[in-house]
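These are the residues of each chain, in order.
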Amino acid sequence: MAWGEFKDTAAERRLFQRRTVVMLVCVILAVGLLLTRMYQLQVVEHEVYTTLSDKNRVQVQSVPPPRGLVYDRNGVLLAENRPVFSVTLVPERVQGMDETLARLGEFLAISPEDLERFHRRLEEPRRPFQEIPLRYDLTEQEMARLAVHRHELPGVEVEAELVRYYPHSELTAHALGFVGRINREELQRIDPVNYAGTNYIGKSGIERFYEEILHGKVGYQHVETNARGRTLRVLERENPVPGEDLQLHLDLRLQQRAHELLDGRRGAIIAIQPDTGGILALASVPGFDANKFVTGISVDDYRELSDSKDKPLFNRALRGQYPPGSTLKPMLAVAALDSGATTRDYTIWDPGHFRLNEGGRVWRDWKRTGHGWVDLKDAVAESCDVYFYEVATEMGVDTMYSYLSRFGFGEDAALDVSGALSGLLPSREWKRAVRNEPWYPGDSVNLGIGQGFMLATPLQLATATALIANRGEWVEPRLLKDIRGDHPVDEFLPEETHQPLTLKNPNDWEYVVESMVEVMHGRKGTARGAAAGASYRMAGKTGTAQVFSLAEDEEYDAEEVRERLRDHALFVGFAPVDDPQIAVAVIVENGGSGSGTAAPVARAMFDSWLLEFGKEADATLVSDVRARGSD
């Protein structure tokens, strides 16, 4: 524009109006977009963002069920739950894990084992925001110190939980087993939903076998939390279903008596009620404190148990495999009679030794001078080895294997006893497969007195003895007596598979039983001293099992043999004879004589059950005593 010309106000006005329209359109479009977005967020996607918002303040927590309790047959509590306070960390909320752990170590006693276990669990698969325990069983002083500093430690919580407790731990450890923290392998096989929030699982014994019904069903609760994740209130809750309570056949009084009788000696006692198969006592000595394993045993404590030469962790009653020795003779007597290898009238002359062939190897009798003329009843009563050497040779391994397997040897015949071993019942096939050798006649000779390759557990010996007490009727051993709930017992017990042991002549059962009575009450019975003065009749068989082999002409001298190489003392028996209420198997490791060591233990067990504890047997006992008085 030249100097002096007037402004073109009309053009400027038009330019301004165009710019105003453009800006107004932009503002309207921006407001429209804003309103559209607000409508989408607040109306269209309202439920989505409401849910996301609630997730920041409302969480679903699992509520573990209380574990079922365990009682003995008289209602005495064997396994209960007690509250324990532990410190836990939620890794997603912790601000600096190493710093937090170091800070906690300033006012809590945290061992290296605790830290190692925590870091191991930190690396295991887990649900988001799941607490990881660091220390268990906090003291009141530790909880007070933690409460003072709690505001400084985001992600750190004090949790109260019910933890398994065994009031009679050492008495029941081997029978009940114990629970422990769920490990990585168990985490892979359990139901992650039903075990949400559960930290413990049955590791052995009854606790493991009946884990399904002892555990119960998990519950849930919706809780409102603050910005730090602390719970403010419970909005909704579905209560967990507690595990079922179990009642066992076990009698704590008899269990305690068994431990007292074995005090200071290594061994095992199994007591069974023949008519029900209920296990009245399952004692393995020495025992251990199962409570130490529940929240995690320390390295020092575990090393002390595992390194002990007495092996307190070893369950001798179920997993101890011993040569049965002469306790096998009543079962072999049944086999010999039924197979025709001998008769009741057949007698032999026992000079104190036996040879298969003239000039061959000599097998000695325990009585060096021999027993003279003996029949089968005498052979059982006096434990004549030579008679059973000859009978075993006549039967052969195939016949012995057939009958002994029907007594439950070579298998775990119990219904609900977790961890029991099957022993070893040798056969031709076994020796060929394992040793690549044929079965020799001498092997049958050794098997005839329960030595050689054969191994049996105390539970198997008690089971076979109960079968004789029942005169061939099988009732498989069990611990569970009742479930205190709506579930029938049979629903959780395996199906019985054993058939009755039927003999060609059923009276042979009575003959063998009477031969066992002669062991206890006969003039030459090996255990007549243990039965002296009894007000009832009992049947039994003593046994002695060698720990190491002797040379052909070598004599056994207990005084010159180190204690742990001495013979094991064994006994099996039942009482009263006419209506058995209890069958017992006893082994005292390195105890020497079965008649001098194991038989008195069994007699004490009989007396305890029949005269003190087993009230239901009183009527039977009275009738048996009267019958005894008329003999």
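Reading the values: rules and limits
- Residues numbered from 1 in each chain as written.
- Predicted model: local features only at pLDDT ≥ 70, side-chain atom pairs only at ≥ 80, totals over all residues.
- Heavy atoms only, no water.
- Helix = DSSP H or I, 4+ residues; strand = E, 2+ residues; numbered from the N terminus.
- Buried < 20%, exposed > 50% of the residue type's maximum accessible area, 1.4 Å probe, protein only.
- Areas by Shrake-Rupley, 256 points an atom, 1.4 Å probe, with all protein chains shown as cover.
- Core = buried A, V, L, I, M, F, W, Y, C linked by side-chain atoms within 4.5 Å.
- Contact = heavy atoms within 4.5 Å.
- 1 Å grid on protein atoms, 1.4 Å probe; cavity = no way out; pocket = protein on both sides within 12 Å on 5 of 7 lines; lining within 4 Å.
- Points joined across faces, edges and corners; volume = space filled by probe spheres on them.
- Nonpolar A, V, L, I, M, F, W, Y, C, P; charged D, E, K, R; others polar.
- Pairing = 2+ DSSP bridges.
- Axes fitted to C-alpha atoms, helices over the stretch in contact; angles between N-to-C directions.
- Phe/Tyr/Trp six-rings, centres within 6.5 Å; stacked < 30°, edge-to-face > 60°.
- Lys NZ or Arg CZ within 6 Å of the ring centre and 35° of its normal.
- Salt bridge = Lys/Arg side-chain N within 4 Å of Asp/Glu carboxyl O.
- pLDDT = per-residue confidence, 0-100.
- Arc of directions from axis to C-beta.
- Lys, Arg positive; Asp, Glu negative; His and termini not counted.
- Parallel < 35°, antiparallel > 145°, perpendicular 65-115°, else oblique.
- Left-handed = near helix turned anticlockwise from the far one by under 90°.

This brings us to the overall build of the protein chain. When you go through the protein chain residue by residue, the secondary structure sums to 23 helices and 20 strands. Each of the 631 residues in the protein chain was classed as buried or not, and the buried ones make up 50%. Summed over its atoms, the accessible surface of the protein chain is roughly 30,400 Å², and 51% of this surface lies on carbon and sulfur atoms.

In this section: the nonpolar core. Of all hydrophobic cores here, the largest spans 148 residues; its most connected members are Phe407 and Phe409. With residues near it in sequence (within four places) discarded, Phe409 still touches Leu328, Met331, Leu404, Leu425, Met454, Ala456, Gln460, Leu461 and Ala464. Core analysis: the second largest hydrophobic core is formed by 16 residues, Val87, Phe118, Ile132 and Leu138 among them.

This part takes up empty space enclosed by the protein. Applying the stated criterion to the full structure yields two cavities of 30 Å³ or more. The wall of the largest cavity is formed by Glu411, Asp412, Ala413, Ala414, Ala420, Leu421, Thr457, Leu459, Gln460 and Thr463. For the lining of the largest cavity, the per-class residue count stands at five nonpolar, three polar and two charged. Reported here for the second largest cavity is a volume of approximately 30 Å³. Contributing to the lining of the second largest cavity are His174, Ala175, Gly205, Ile206, Leu318, Asp416, Val417, Ser418 and Leu479.

A word on the sheet that holds strand β19 (residues 568-575). Spatial strand order, β12-β11-β20-β19-β18: five strands in an open sheet with antiparallel pairing. Two strands lie at the open edges of the sheet, namely β12 (279-285) and β18 (539-545), each paired on one side alone. The average undirected angle you get between the axes of adjacent strands in this sheet is 5°. Pairing of strand β11 (residues 267-272) with β12, which is carried by six bridges, proceeds in the antiparallel orientation. Each residue of the ladder has a partner; that of Ile272, found in β12, is Ile279. Along the sheet, helix α22 (residues 594-613) makes contact with β11, β12, β18, β19 and β20 (582-588), crossing β19 at roughly 30°.

On to the environment of Gly370, then. Counting through the fold element by element, Gly370 comes out in the loop between β15 (362-364) and β16 (372-374). Spatially, the C-alpha atoms of Gly370 and Trp349 are 8.5 Å apart, while their sequence positions differ by 21 residues. Ignoring anything within four residues of it in the chain, the contact list for Gly370 reads Asp350, Pro351 and Gly352.

Using the criterion set out here, one finds 12 aromatic pairs in the structure. Centroid distance Phe209 to Tyr210: 4.9 Å. Interplanar angle 70°. Geometry classified as edge-to-face. Between Phe407 and Trp509 the ring centres are 6.3 Å apart and the planes differ by 70°, which places this aromatic pair in the edge-to-face class. Remark: Trp509 occurs in helix α20 (residues 507-521) and Phe407 occurs in the loop between α16 (385-406) and α17 (428-435); sequence separation between them is 102 residues. Judged by relative accessible area, Phe407 falls into the buried class, the value being 0%. Cluster of aromatic residues (ring-pair linked, three or more members): Phe178, Phe288, Phe293 and Tyr302. Over the ring of Tyr200 we find Arg181; its NZ or CZ atom is 4.9 Å from the centre of that ring.

Our focus in this paragraph is the pattern of salt bridges. Taken as a whole and assessed by the stated rule, the structure comprises 23 salt bridges. One salt bridge in this structure joins Lys203 and Glu186, with 2.8 Å as the shortest N-O distance. Pair noted here: Lys203 is in the loop between β7 (200-202) and α8 (205-209) and Glu186 is in helix α7 (residues 184-189), with a separation of 17 residues, a long-range link. For Lys203, a relative accessible area of 22% translates into the label partly exposed. In this structure Glu186 comes out as buried when scored by relative accessible area, which is 8%. Asp398 is the salt-bridge partner of Arg428, the closest N and O atoms lying 3.1 Å from each other. Of this pair, Arg428 sits in helix α17 while Asp398 sits in helix α16, and the two are 30 residues apart along the sequence. Overlapping salt bridges bring together Arg67, Arg164, Glu207 and Glu211 as one network.

In this section: the confidence of the model for the protein chain. Reading predicted coordinates in detail is not appropriate for stretches of low pLDDT. Per-residue confidence for the protein chain gives a mean pLDDT of 86, with 89% of residues at or over 70. Contacts from residues 548-554, a stretch scored under 50 in pLDDT, to residues over four places away or in other chains number eight contacts.

In this section: helix α3 (residues 97-107). Among the residues making up α3, those that are buried are Met97, Thr100, Leu101, Leu104 and Phe107. One side of α3 carries all its buried residues, which in axial view fall inside an arc of 125°. Residues of α3 that are exposed and angled more than 90 degrees away from the buried face: Asp98, Glu99 and Glu106.

Quick look at unusual backbone geometry now. In this model, Val285 is joined to Pro286 through a cis peptide bond whose omega is 5°. Pro576 follows Ala575 through a cis peptide bond whose omega is -20°. Within the secondary structure, Pro576 sits in the loop between β19 and β20. Within the chain, Lys311 stands out as a residue other than glycine whose phi angle is a positive 50°. When you line up the elements, Lys311 lands in the loop between α12 (299-307) and α13 (316-319). The phi angle at Arg471 is positive, at roughly 55°, despite the residue not being glycine. Its place among the elements puts Arg471 in the loop between α19 (458-469) and β17 (480-484).

As for its position among the elements, Asp350 is in strand β13 (residues 348-350). Despite its burial, Asp350 remains without a salt bridge, the nearest opposite charge being carried by Lys367 at 7.6 Å. The residues touching Asp350, leaving out its near neighbours within four places in the chain, are Asp365, Thr369, Gly370, His371, Gly372, Cys384 and Val386.

Burial of helix α6 (residues 169-176) is extensive: seven of the eight residues sit out of reach of the surface. Taken as a whole, α6 has its buried residues at Ser169, Leu171, Thr172, Ala173, His174, Ala175 and Leu176. Following α6 by one or two positions, Gly177 adopts a phi angle in the positive range, close to 80°.

Once that is clear, we can look at the packing of helix α10 (residues 252-261) against α22. Across the interface, α10 lies against α22 with an axial gap of 10 Å and an inter-helix angle of 155°. On the basis of their axis angle, the class for α10 and α22 is roughly antiparallel. In this structure, α10 crosses over α22, and the sense of that crossing is right-handed. Packed against α10, whose contacting residues are Arg253, Leu254, Arg257, Ala258 and Leu261, the element α22 presents Val601, Ala604, Met605, Ser608, Trp609, Glu612 and Phe613 at the interface. Across the contact of α10 with α22, the residue classes break down as eight nonpolar, one polar and three charged.

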